[in-house]
Amino acid sequence: MSLRVPDDAIYPPEACRRQHEAGDLILSELNPHAVVDAVDDDSVPLNLLTFGSVREMCPKCQHTHLKLVLRQGSVRMAHLFCADCESCFDARYANGTPALSI
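Every residue gets a number counted from 1 within its own chain, in the order that chain's sequence is written. Local features in a predicted model are, by the rule used here, given only for residues with pLDDT of at least 70; side-chain atom pairs are given and counted only at 80 or more, and totals for whole chains, interfaces and linings are based on all residues. The side-chain values count all of the structure's non-hydrogen atoms but skip hydrogen atoms and water molecules.

Some thoughts on the confidence of the model for the protein
Each residue gets a pLDDT score, which is the predictor's confidence in that residue and runs from 0 to 100. Across the protein, pLDDT averages 77, with 69% of residues at or above 70. In what follows, a contact means two residues having at least one pair of non-hydrogen atoms within 4.5 Å. Between residues 1–22, whose pLDDT stays under 50, and residues either more than four places distant or in other chains, the model counts 41 contacts.

And the structure:
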């Protein structure tokens, strides 16, 4: 996974907010560098475990189901990941409660 993103920690939630019905999640794009500790050498692949796909589609690609990535060796926080555009997202319920915290 090659991560090339501006150094802002979090993008504005309204940029990725989608129309949602009761029970759907509100997704906010995260800077991958704030979520995953990448190795210094871009030629070394980053191995992350994903824990299956979720029903939410990527708000950027709009055609790929997101994958759940839980905290692990180089992952600082649980998030949703799009394998096509390599974007990371936080998920919250409409009332603001985090959807990925345990």
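As for the pairing of strand β5 (residues 87–92)
Note on exposure labels: buried denotes an accessible area under 20% of the residue type's maximum, exposed denotes more than 50%, and partly exposed covers the range between, all computed with a 1.4 Å probe on protein chains only. Under the scheme used here, helices are H or I runs from DSSP no shorter than 4 residues and strands are E runs no shorter than 2 residues, and both carry numbers assigned from the N terminus. The buried fraction of β5 amounts to 5 of the 6 residues, a majority that puts the element mostly inside the structure. At least two DSSP bridges between two strands are needed for those strands to be called paired. Where strand β1 (residues 26–30) meets β5, 5 bridges bridge the pair, whose relative direction is antiparallel. Of the residues in β5, the one forming a bridge with Glu29 is Phe89. As paired strands, strand β4 (residues 79–82) and β5 are joined by 3 bridges and run antiparallel to one another. From the neighbouring strand, Leu80 faces β5, where its bridge partner is Phe89. Between β4 and β5, which pair antiparallel and follow one another directly, the connecting turn spans 4 residues, one of which, Glu86, has a positive phi of 60°.

Some words on the pattern of salt bridges
Take a side-chain nitrogen of Lys or Arg and a carboxyl oxygen of Asp or Glu: if they are within 4 Å of each other, that pair is a salt bridge. The tally for this structure, following the rule as stated, stands at 4 salt bridges. Glu56 serves as the salt-bridge partner of Arg55, at 3.0 Å between the closest nitrogen and oxygen.

Focus on the side chain of Thr64
Considering the arrangement of structural elements, one finds Thr64 in the loop between β2 (53–57) and β3 (65–69). A 3.5 Å cut-off defines polar contacts: any pair of N or O atoms within that distance qualifies, except that in protein one atom must be a possible hydrogen donor and the other a possible acceptor, and neighbouring residues in sequence count only when both atoms are side-chain atoms. A polar contact of 3.1 Å, which involves the side chain of Thr64, links it to the side chain of His63. Polar side-chain contacts of Thr64 include one of 2.4 Å to the side chain of Asp84. Setting aside residues no more than four positions away along its own chain, Thr64 makes contact with Glu56, Met57, Cys58, Cys82 and Asp84.

Thoughts on the nonpolar core
Ranked by size, the top nonpolar core spans 11 residues in total: Leu25, Leu27, Cys58, Leu66, Leu68, Ala78, Leu80, Cys82, Phe89, Ala91 and Leu100. Every element with two or more residues in this core is listed here: β3, β4 and β5. Once residues lying within four places of it in the same chain are set aside, the contact partners of Leu80 are Leu27, Val54, Leu66, Lys67, Leu68, Ser87, Cys88, Phe89, Ala91 and Leu100. As used here, the term nonpolar core means buried Ala, Val, Leu, Ile, Met, Phe, Trp, Tyr and Cys residues forming a set that is joined through side-chain atoms within 4.5 Å.

Description of unusual backbone geometry
Even without being glycine, Gln62 reaches a positive phi, approximately 65°. Note on placement: Gln62 falls in the loop between β2 and β3. Assessed through its relative accessible area of 61%, Gln62 is described here as exposed.

Some points on the sheet that holds β3
Spatially, the 5 strands line up as an open sheet ordered β1-β5-β4-β3-β2, and their pairing is antiparallel. Strand pairing shows two members of the sheet lacking a second neighbour, β1 and β2, which therefore form its edges. Put simply, the sheet's adjacent strands are angled 40° from each other on average, direction ignored. Lines are fitted to the C-alpha atoms to define the axes, a helix being fitted only along its stretch in contact, and any angle between axes, read from their N-to-C directions, falls within 0 to 180 degrees.

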